[in-house]
Amino acid sequence: QVHLVESGGGLVQPGGSLRLSCAASGSLFSIYPMGWYRQAPGKQRELVASATSGGYTNYPDSVKGRFTISRDNAKRTVYLQMNNLKPEDTAVYYCNRVPPWPGTDSWGQGTQVTVSS
């Protein structure tokens, strides 16, 4: 069972930046593709960035060019650098495997990102 702890969220003005971190337990972390997901109020959780164990990354058009995912397998940590943030980026951000590990308890508590002036 992998335990995930997200951090780094906060309140930021439009156009600002944040860097999220996700610390993972578990010895097999490095072999799995990992991703950042977000869930806004009243909306389904969506994948906003993913990175394979070898570093190949992928993004939806909504964040491409603004978000950058990276990972440090030795530290079992995944990062999400978010630049030029927009109000529509407001959500709780989570990390998990891609696809997610099964079970609701595979998700961490998430970290709130609020973009507002």
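Data block above holds the structure.
Now for a description of the structure that goes with this document. For every chain, the first residue of the written sequence is number 1, and numbering continues from 1 onward in sequence order. Since the coordinates come from a predicted model, pLDDT governs what is reported: local features require at least 70, and pairs of side-chain atoms require 80 or more to be given and counted, while whole-chain, interface and lining totals use all residues. The side-chain numbers reported here are obtained from all heavy atoms of the structure, hydrogens and water having been left aside.

**Observations concerning the packing of aromatic side chains**
As a reminder, the rule being used: The pairing test for Phe, Tyr and Trp rings, Trp by its six-membered ring, is centres within 6.5 Å, and the orientation test on the planes gives stacked under 30 degrees, edge-to-face over 60, and tilted for anything in between. Secondary structure elements are taken from DSSP: a helix is a run of H or I of four residues or more, a strand is a run of E of two residues or more, and numbering for both begins at the N terminus. Under the scheme applied here, a residue whose accessible area is under 20% of the maximum for its type counts as buried, over 50% as exposed, and between as partly exposed, the area being computed with a 1.4 Å probe on protein chains only. Only when the NZ of Lys or the CZ of Arg is both within 6 Å of the ring centre and within 35 degrees of the ring normal is a charge said to sit over the ring.
Taken as a whole, this structure holds three aromatic pairs when the rule is applied. On the numbers, 5.1 Å between centres and 80 degrees between planes, the contact of Y37 with W107 is edge-to-face. Of this pair, Y37 sits in strand β4 (residues 34-39) while W107 sits in the loop between β9 (91-97) and β10 (111-115), placing them 70 residues apart in sequence. Classification of Y37 by relative accessible area gives buried; the value is 8%. When the ring of Y94 is compared with that of W107, the centres are 5.8 Å apart and the planes differ by 80 degrees; the resulting orientation is edge-to-face. Placement of Y94 in strand β9 and of W107 in the loop between β9 and β10 is noted, with a sequence separation of 13 residues between them. Through pairs of rings, three or more aromatic residues link up here, namely Y37, Y94 and W107. The ring centre of F29 lies 4.9 Å from the NZ or CZ of R71, which sits over that ring.

**As for the nonpolar core**
The test is simple: Grouping buried Ala, Val, Leu, Ile, Met, Phe, Trp, Tyr and Cys residues that are joined through side-chain atoms within 4.5 Å yields what is termed a nonpolar core. Between two residues, a contact is recorded if the distance between any of their heavy atoms is within 4.5 Å.
In terms of nonpolar packing, the biggest core is built from 28 residues, with L4, W36, F67, I69, L80, M82 and Y93 touching the most fellow members. Residue assignment for this core shows that the elements contributing at least two residues are β3 (18-24), β4, β5 (46-51), β7 (67-72), β8 (77-82), β9 and β10. Per-element tally for this core: the top contributor is β3, with four residues. Setting aside anything within four residues of it in sequence, one finds Y93 in contact with E6, L20, W36, Y37, R38, V48, F67, L80, M82, G110, T111 and V113.

**Some thoughts on the pattern of salt bridges**
The condition is simple: Here, a salt bridge means any Lys or Arg side-chain nitrogen found within 4 Å of an Asp or Glu carboxyl oxygen.
The final tally for this structure, using the stated rule, is four salt bridges. Of the charged contacts in the structure, one is a salt bridge between R38 and D89, with a shortest N-O distance of 2.9 Å. Of the two residues, R38 is situated in strand β4 and D89 in the loop between β8 and β9; the sequence distance between them amounts to 51 residues. Accessibility expressed as a relative area gives 6% for R38, which makes it buried. Note on D89: relative accessible area 1%, which makes it buried.

**Re the sheet that holds strand β2 (residues 10-12)**
Stated precisely, the cut-off is as follows: One bridge is not enough; two strands pair if DSSP finds at least two bridges between them.
Taken in spatial order, the six strands of this open sheet run β2-β10-β9-β4-β5-β6, and their pairing is mixed. In this open sheet, the two strands that pair with only one neighbour each are β2 and β6 (57-58). Relative to β5, β4 runs antiparallel, the two sharing five bridges. In the sheet register, R38 faces β5, and the bridge partner there is E46.

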